[in-house]
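Descriptive structure summary
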Amino acid sequence: MPATPAWPPQSTPRLFIDQPLAPGSVRIDGPQAHYLIAVMRMKLGDPVKLFDGVTGEWLAAAASIGKRDLILDVTDQLRPREPVPDLWLCAAPLKKGRIDWLMEKACELGVDRVVPVLTRRTVVDRLNLERLRAHMIEAAEQCGRTAVPSLEEPVKLPALLREWPGERALFFADETGGLPAFAAMRERPGPAAILIGPEGGFDDDERTAIRALPGAVGISLGPRILRADTAAAAALSLWMAATGDWQVPH
């Protein structure tokens, strides 16, 4: 006998819905409706995977299709919300394109919270947070995540340090030299954050202020000079391998 096809199929569209999901009806409009109706050519009864960042992933089916909106019938929970490592990315804003890429990678690598940090050498002081969040949502949709990192308002470095929670380690990329990153992270399991400076690096006063924080650990990311976005992705990957959920079988 032929095998029963998997349901829902691998090709099923997957969308983030910014409201708590539960069995019942959900109305979709705007760009998401255009995507399902015009791009995916959705028909009545076709499946859709939905997730809300809170309750996990759900199966839905098209119950009504209009010209600019559609009604989805949410039926079954496919997966609960994934466990998220307690890791923040605190990074100086970068130019458009590079910061978009960084937001995608932060989501893919499993960051829980992103905090833009304004330093003296930061070249970008205005951010389109809505656009950046859209990049993270798109990454979560494509990579099967059931959680989306929170994105905070930009904060100046002195304010970040002044309000820093004492139980959270702060690993900052120090271009003047620091401990080997992987080993330092292995020695400090638990809540943590990665702090990445701007393209020009931290100035001397900022570096002194960071080092004065009890939970701060200067780390080295190797012998080569890395661009800020590359440094962030490298540091996040090292933390996930050292003490995050890359060690957990999946």
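To keep things clear, this report deals only with the structure shown in the data block.

1. Comments concerning the pairing of strand 6 (residues 87-91)
Where burial is concerned, most of strand 6 is hidden: five out of the five residues are buried. Of the two faces of strand 6, the one carrying Leu87, Leu89 and Ala91 and the one carrying Trp88 and Cys90 are both buried. Strand direction decides the pairing type here: strand 6 and strand 12 (residues 192-196), joined by five bridges, are parallel. Of the residues in strand 12, the one forming a bridge with Cys90 is Leu195. Pairing between strand 6 and strand 7 (residues 113-118): four bridges, direction parallel.

2. Considerations on the packing of aromatic side chains
For any pair of aromatic rings, the description rests on two quantities: the centre-to-centre distance and the angle between the ring planes. Taken as a whole and judged by the stated rule, the model has three aromatic pairs. Between Phe16 and Phe51, the aromatic rings sit 5.5 Å apart at their centres with planes inclined by 65°, giving edge-to-face as the arrangement. Linking Phe16 in strand 1 (residues 14-16) with Phe51 in strand 3 (residues 47-51), this pair joins segments that are 35 residues apart in sequence. Each member of the pair, Phe16 as well as Phe51, carries the same accessibility label: buried.

3. Regarding the sheet that holds strand 2 (residues 24-29)
Overall, mixed pairing links the five strands, which are arranged 1-3-4-5-2 in an open sheet. Both edges of this open sheet fall to strand 1 and strand 2, since each of them pairs with a single strand only. Adjacent strand axes in the sheet meet at a mean angle of 40° when their direction is disregarded. As defined by bridge partners, strand 3 adjoins strand 4 (residues 57-65) across five bridges and the pair is classed as antiparallel. Counterpart to Val48 in the pairing with strand 4 is Ala60. Contacts from helix 1 (residues 30-39) reach strand 1, strand 2, strand 4 and strand 5 (69-79), with the element oriented near 95° to strand 2.

4. Notes on unusual backbone geometry
Across the chain, the bulk of peptide bonds are trans and the bulk of non-glycine residues have phi less than zero. Positioned with a positive phi, Arg41 is a non-glycine residue whose angle comes to about 55°. Residue placement: Arg41 occurs in the loop between helix 1 and strand 3. Assessed through its relative accessible area of 58%, Arg41 is described here as exposed.

5. Remarks on the nonpolar core
Counting residues in each nonpolar core, the largest one holds 41 residues, and the members touching the most others are Leu89, Phe171, Ile194 and Ile196. Going through the elements one at a time, strand 6, helix 2 (98-109), helix 3 (129-143), strand 10 (169-173), helix 5 (181-186), strand 12, strand 13 (216-220) and helix 7 (228-242) are the ones with two or more residues in this core. Setting aside residues no more than four positions away along its own chain, Phe171 makes contact with Ala184, Met185, Arg188, Ala192, Ala193, Ile194, Leu195, Val217, Ile219 and Trp239. Counting 17 residues, the second-largest nonpolar core is a separate cluster that includes Leu15, Ile17, Leu36 and Leu72.

6. Details of the side chain of Glu57
Within the fold, Glu57 resides in strand 4. At 2.5 Å, the side chain of Glu57 forms a polar contact with the side chain of Arg14. If we ignore the near neighbours within four places in the chain, the residues touching Glu57 are Arg14, Lys49, Leu50, Phe51, Asp76, Gln77, Leu78, Arg79 and Thr146.

7. Quick notes on the pairing of strand 5
The sheet contact formed by strand 2 and strand 5 spans six bridges and is antiparallel. Each residue of the ladder has a partner; that of Val26, found in strand 5, is Leu72. The loop that links strand 4 with its antiparallel partner strand 5 comprises three residues.

Thresholds applied
Starting from 1, residues in each chain are numbered consecutively following that chain's sequence as written. Given that the model is predicted, a residue must reach a pLDDT of at least 70 before its local features are reported, and side-chain atom pairs must reach 80 or more before they are shown or counted; all residues, however, enter totals for whole chains, interfaces and linings. Side-chain calculation: all heavy atoms of the structure are included, whereas hydrogens and water are not. For every residue, the accessible area (1.4 Å probe, protein chains only) is compared with the maximum for its type, and the residue is labelled buried under 20%, exposed over 50%, or partly exposed between those bounds. By the criteria applied, helices consist of DSSP H or I runs no shorter than four residues and strands consist of E runs no shorter than two, each listed in order from the N terminus. Any two strands between which DSSP finds at least two bridges are classified as paired. Within 6.5 Å between ring centres, the rings of Phe, Tyr and Trp (the latter by its six-membered ring) count as paired, and their orientation is classed by plane angle as stacked under 30 degrees, edge-to-face over 60, tilted in between. Only the stretch in contact is used when fitting a helix axis, every axis being a line fitted to C-alpha atoms; angles between N-to-C directions are given from 0 to 180 degrees. Any two residues whose heavy atoms approach within 4.5 Å at even a single point are treated as in contact. Buried Ala, Val, Leu, Ile, Met, Phe, Trp, Tyr and Cys residues that are joined via side-chain atoms within 4.5 Å together make up what is termed a nonpolar core. In protein, a polar contact requires one atom able to donate a hydrogen and another able to accept it; more generally it is a pair of N or O atoms within 3.5 Å, and residues adjacent in sequence count only if both atoms are side-chain atoms.

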